[in-house]
2 protein chains.
Amino acid sequence: MEHRIERIKKQLHSQSYKLTPQREATLRVLLEREEDHLSAEDVYLLVKEKAPEIGLATVYRTLELLSELKIVDKINFGDGVSRYDLRKEGAKHFHHHLVCTQCGSVEEIENDLLEDVEKIVQKDWGFEVKDHRLTFHGICKNCQEVPVKVKETNEI
Amino acid sequence: MEHRIERIKKQLHSQSYKLTPQREATLRVLLEREEDHLSAEDVYLLVKEKAPEIGLATVYRTLELLSELKIVDKINFGDGVSRYDLRKEGAKHFHHHLVCTQCGSVEEIENDLLEDVEKIVQKDWGFEVKDHRLTFHGICKNCQEVPVKVKETNEI
DNA sequence: GTTTTATATTATAATTATTATAAATATAAA
DNA sequence: TTTATATTTATAATAATTATAATATAAAAC
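Please read these numbers as outputs of a predicted model, since none were measured by experiment.

Draft legend 1. Region of interest: helix α5 (residues 115–125) of chain B. Of the positions making up α5(B), those classed as buried are B:V117, B:E118, B:V121 and B:W125. Here the buried residues of α5(B) occupy an arc of 100° about the axis, which is enough to place them on one side. Facing away from the buried side of α5(B) by more than 90 degrees, the exposed set consists of B:D116, B:K119, B:K123 and B:D124. The inward-facing, buried residues of α5(B) contact β4 (96–100), β5 (106–109), α5 (115–125), β6 (128–139) and α6 (141–145) of chain A together with β6 (128–139) of chain B. Backbone geometry just after α5(B) places B:G126 at a positive phi near 65°.

Here it is in structure tokens:
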């Protein structure tokens, strides 16, 4: 983790941004909860545990900054809040998601399944693809076996 | 258009919803502007032209209802507002979008480019795909030719 | 065609998420 | 150190969406 923070620090500096304690605390939360899809509010509450003096607006600004630098990706699963997802190191593209409409769980897919599709889009539509967002909605493996059981958390 | 409204009317009735004048006016706006990606506010303003007494909350409720019935799809391109897009008649899946990061234009792709990918997801992840959201971000054909020229509307 | 009744609408008010502002503080460079 | 710049805090403002309670209405039953 330290290694990764160090790298991000350099990336910030190279664009003349500072790695303030607040930004570092935010990053640490994102790294620790890499599997989750936290909203700004979620991040705020978690950061507050280690740095109680932080303000919500700072978290928003930090997430916005990290988003511009492509360190995190901002996603929206349609529930009215933006969620922030760390991009894997060196990943050119955003990873995909499987959202279960029954239990609300979100699974990540690292593999880039869209290479062929992007080529088609590029060729047939003349559109120069820079990134993508792909989400599947459906029933997860678990819910197929055990029907109807709803998850009670908002930390998707 | 009448034909299509008639069909939706039946669909509503079959689930014991009424086709009120407000709902019909909203539907007509959506049908007339099928190519666009209107926000609730956009729809509201357009509906107001033909039915000035309508309230914003009603538009929201109507869009929500149509969304549940899979007549429209609710999408979010990351600009903080939900947009509503008519589903093509008989389409099982949502169509795809090409969002230009330069001029903000949104192009639609009708073709289902994900059949193969869905098979993989189904097989390798055991996830039963019901629907998908696919958006490509990049530079549209137009902007590749004429660099830097920003569109001034919010009606993507 | 009326009447009836559940459903829908209106006109707010209330929430929720996010962004802007101004004063105070911290940081890095000179 | 000093200085200039970037950042944060605390709060207010904005924007999008949802809830509420009184009223009205579509469509089924008579």
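Now that the structure has been shown, the text picks up again.
Draft legend 2. Spotlight on the protein's contact with DNA strand D. Lining the immediate surroundings of DNA strand D are 20 residues, of which A:T20, A:R23, A:T58, A:R61 and B:Y60 lie closest. Take the atoms of DNA strand D that sit within 4 Å of the protein: sugar and phosphate atoms are 74% of them. Within the backbone of A:K18, one N or O atom sits 3.1 Å away from a phosphate oxygen of DNA strand D. Within the side chain of A:Q22, a nitrogen or oxygen atom sits 2.8 Å from a sugar or linking oxygen of DNA strand D.

Draft legend 3. Up close: the UniProt feature "binding site: Fe cation" (unreviewed entry) in chain A. Sequence positions flagged by UniProt for "binding site: Fe cation" (unreviewed entry) are, in local numbering, A:E115 and A:H132. These annotated residues cover 18 residues of sequence, but their C-alpha atoms sit close together, with the largest distance between any two at 10.8 Å. Along the chain, A:E115 turns up in helix α5. Position of A:H132 relative to the elements: it lies in strand β6. When sequence neighbours within four positions are dropped, the list of residues in contact with A:H132 reads A:H93, A:F94, A:H96, A:D112, A:L114, A:E118, B:T135, B:F136 and B:H137.

So, how was this worked out
- Residues numbered from 1 in each chain as written.
- Chains lettered and ligands numbered in written order.
- Predicted model: local features only at pLDDT ≥ 70, side-chain atom pairs only at ≥ 80, totals over all residues.
- Heavy atoms only, no water.
- Buried < 20%, exposed > 50% of the residue type's maximum accessible area, 1.4 Å probe, protein only.
- Helix = DSSP H or I, 4+ residues; strand = E, 2+ residues; numbered from the N terminus.
- Arc of directions from axis to C-beta.
- Contact = heavy atoms within 4.5 Å.
- Near = heavy atom within 4 Å.
- Polar contact = N/O pair within 3.5 Å; in protein donor to acceptor, adjacent residues only side chain to side chain.
- UniProt positions renumbered as here; feature names shortened; annotations may be inferred.

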